Amino acid sequence: MQFHGSHILSVEQFGLADLSVLFQTAAKLEPVARGELACDVLDGALLGNLFFEPSTRTRMSFDAAFCRLGGRVCDTTGFQFSSMAKGESNHDASRVISGYVDIMVVRHPQMGSVKEFADASLVPVINAGDGPGEHPSQALLDLYTMLKELNRDLNTINGLKVAMVGDLRFGRTVHSLAKLLSLFKDIHFSFVSPAELKMPAYVVDFLRARGHTVKETTDMIAGVANSDVIYATRIQEERFESIDEAQRFKGSYAINSAFFDRYCDSHAILMHPLPRDNRSESCELNNDLNSHPQLAIFRQTDNGLVVRMAMFALVMGVEKDIETTFRPVRFQKKLIGA
Ligand code: NCD
């Protein structure tokens, strides 16, 4: 694919060569993400960060990524503070905002809506989650994390055994991640969910058509056994008819430290797109795992920053200038307790 000037709406746009370019760019930017070097390769550029659904890490990491590269950000959150509350269409909102900024990031509750923004926009649009559809930047940072955690690369990830657990029906992160992993060979997918929250058939068919093994089960113990990666997800209560309906699924696939030690491969890494639902009835990944070395969730969020920086650099077409614009930082980020 050509990154420069393109919308990023789906992982289906990516091939292995694109992942290689993206991850090499991300690796170059790691010292900037950690605050050890400054970089102003996006000096003068403006991001429109539009979030019409709740978000902490995706919104803030896209924002921080753009700022860390020297750009500036204007944003809007929620429908109630935008003209959409007055009946404005996605088309009109997008066309208007694209006249103000150089690139947009959009999250919206309806599947397909971010494409509507892209179709009306004068500037590139990155999909930050379109309802139960896709979440490509999350899948990219998830894959980047898997490679780092498992000490593999794009050529040695073939044969990976991945268990995806929880709400696979409404969880857009697993839709994107499964499709992205299908670029490799012989991936063993184990989908663990309540029968009502199974991975959509279109995703399963897509994976099988590419020759991968897909096992679907409601049995947690069998489902996670021998996996290299266990990817837990939150019950997406906001996509159910009512919270009560979602409530009955909560806690059915909770992993705590005793469960991990007993039923999971000791080398398996535990991932989650976050937020974890920390309420007592849920706890997909229990707090008693917080200092467990296999719990990768916070390294995963750290990787989100650098992967999103790389996406911006490539889509804005400035990746060649990254290293020439490196300069020393004026102050050193001090990590407390590090
Ligand atoms: C996810 C999302 O919004 O799809 N969060 C995120 O972006 N990291 C997962 C979730 O909300 O459960």
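Residues numbered from 1 in each chain as written. Predicted model: local features only at pLDDT ≥ 70, side-chain atom pairs only at ≥ 80, totals over all residues. Heavy atoms only, no water.

Trainee: How do you make sense of the nonpolar core when you look at a structure like this?
Mentor: When a protein is soluble and globular, its nonpolar side chains tend to lie buried together. Formed by 72 residues in total, the largest nonpolar core has its most connected members in Met164, Leu181, Phe191 and Phe312. Each of two domains, domain 1 (11-134 + 304-328) and domain 2 (136-298), supplies a minimum of three residues to this core. Once residues lying within four places of it in the same chain are set aside, the contact partners of leucine 181 are Leu143, Met146, Leu160, Val162, Met164, Ile187, Phe189 and His212. Residues Ala163, Val192, Met220 and Phe260 belong to the second largest nonpolar core, which totals 19 residues. (Core = buried A, V, L, I, M, F, W, Y, C linked by side-chain atoms within 4.5 Å. Buried < 20%, exposed > 50% of the residue type's maximum accessible area, 1.4 Å probe, protein only. Domains from an automatic or database assignment. Contact = heavy atoms within 4.5 Å.)

Trainee: Help me understand the site of the ligand in this model?
Mentor: Inspection of the region around the ligand gives Arg57, Thr58, Arg107, His135, Gln138, Arg172, Thr173, Arg234, Gln236, Pro273, Leu274 and Pro275 as its neighbouring residues. At 2.9 Å, a backbone N or O of leucine 274 approaches a nitrogen atom of the ligand. In the complex, the protein chains occlude 94% of the 320 Å² of accessible area that the ligand would expose alone. Taken together, the elements giving at least two residues each to the shell around the ligand come down to helix H2 (57-68) and helix H6 (172-181). (Near = heavy atom within 4 Å. Polar contact = N/O pair within 3.5 Å; in protein donor to acceptor, adjacent residues only side chain to side chain. Areas by Shrake-Rupley, 256 points an atom, 1.4 Å probe, with all protein chains shown as cover. Helix = DSSP H or I, 4+ residues; strand = E, 2+ residues; numbered from the N terminus.)

Trainee: Even after reading the chapter, I still don't get the packing of helix H1 (residues 16-33) against helix H5 (residues 136-150), so can you show me in this structure?
Mentor: Helix-helix packing: each pair is described by the crossing angle between the helix axes and the interaxial distance. One way to put it is that H1 packs onto H5 with a least axis distance of 11 Å and a crossing angle of 75°. Comparing the axis directions of H1 and H5 gives the class roughly perpendicular. The residues of H5 that touch H1, namely those facing Leu19, Leu22, Phe23, Ala26, Ala27 and Glu30, are Leu140, Leu143, Tyr144, Leu147 and Lys148. In terms of residue class, the contact of H1 with H5 is made up of 9 nonpolar, no polar and 2 charged. (Axes fitted to C-alpha atoms, helices over the stretch in contact; angles between N-to-C directions. Parallel < 35°, antiparallel > 145°, perpendicular 65-115°, else oblique. Nonpolar A, V, L, I, M, F, W, Y, C, P; charged D, E, K, R; others polar.)

Trainee: Sorry if this is basic, but what is going on with the environment of leucine 9 here?
Mentor: In this structure, leucine 9 sits in the segment before H1. In this structure, the C-alpha to C-alpha distance between leucine 9 and arginine 276, residues 267 residues apart in sequence, is 25 Å. Other than its neighbours up to four places away in sequence, leucine 9 contacts Val114, Lys115, Ala118, Val125, Asn127, Glu134 and Pro136.

Trainee: I keep staring at the packing of H5 against helix H11 (residues 297-315) and nothing clicks. Help me out?
Mentor: Between H5 and H11, the least distance of the axes is 8 Å, while the angle of their chain directions is 120°. Viewed along their axes, H5 and H11 adopt a mutual orientation that is oblique. The way H5 lies across H11 gives a crossing that is right-handed. Contact residues: H5 offers Ser137, Gln138, Leu140, Leu141, Asp142, Tyr144, Thr145, Lys148 and Glu149, while H11 offers Arg299, Gln300, Asn303, Gly304, Val306, Val307, Arg308 and Met311. Counted by class, the contact of H5 with H11 contains 6 nonpolar, 6 polar and 5 charged residues. (Left-handed = near helix turned anticlockwise from the far one by under 90°.)

Trainee: How should the pattern of salt bridges be read in this particular structure?
Mentor: Pairing between side chains becomes possible if they bear opposite charge and their charged atoms approach one another. Enumeration over the complete set of coordinates arrives at 19 salt bridges. A salt bridge links glutamate 30 to arginine 34; the shortest N-O distance between them is 3.4 Å. Take glutamate 30: its relative accessible area is 16%, and that puts it in the buried class. Under the relative-accessibility criterion, arginine 34 is labelled partly exposed at 42%. The partner of glutamate 149 in a salt bridge is arginine 299, with the nearest N and O atoms 2.6 Å apart. One end of the pair, glutamate 149, is in helix H5; the other, arginine 299, is in helix H11, and 150 residues separate them in sequence. By relative accessible area, glutamate 149 is classed as partly exposed at 24%. On the basis of relative accessibility, which here comes to 34%, the residue arginine 299 falls in the partly exposed class. A network of salt bridges, in which partner residues are shared, links Glu30, Arg34, Glu36 and Lys148. (Salt bridge = Lys/Arg side-chain N within 4 Å of Asp/Glu carboxyl O.)

Trainee: What's the story with the domain arrangement of the protein in this structure? I'm lost.
Mentor: Where the parts come together, the accessible area they lose is often given as the size of the interface. The domains assigned to the protein are domain 1 (11-134 + 304-328) and domain 2 (136-298). Here domain 1 and domain 2 have C-alpha centroids that lie 25 Å from each other. Taken together, the 31 residues of domain 1 in the interface contact 25 residues of domain 2. Both sides of the domain 1 and domain 2 interface together cover about 2,300 Å² of buried area, and 65% of this is carbon and sulfur. When the buried surface of domain 1 facing domain 2 is broken down by residue, Val11, Phe23 and Arg57 rank first, second and third, together holding 26% of it. In this structure, glutamate 53 engages arginine 239 in a salt bridge whose closest nitrogen and oxygen atoms are separated by 2.8 Å. The interface formed by domain 1 and domain 2 holds 11 residue pairs in polar contact (both at pLDDT 80 or more) in total. Going through the elements one at a time, H1, H2, strand S4 (103-108), strand S5 (125-130) and H11 are the ones with two or more residues in the side of domain 1 that touches domain 2. If you tally residues by element for the side of domain 1 that touches domain 2, the top one is H1, at 8 residues. Looking at side-chain class alone, the side of domain 1 that touches domain 2 contains 15 nonpolar, 8 polar and 8 charged residues. (Buried area = accessible area lost by both parts, 1.4 Å probe.)

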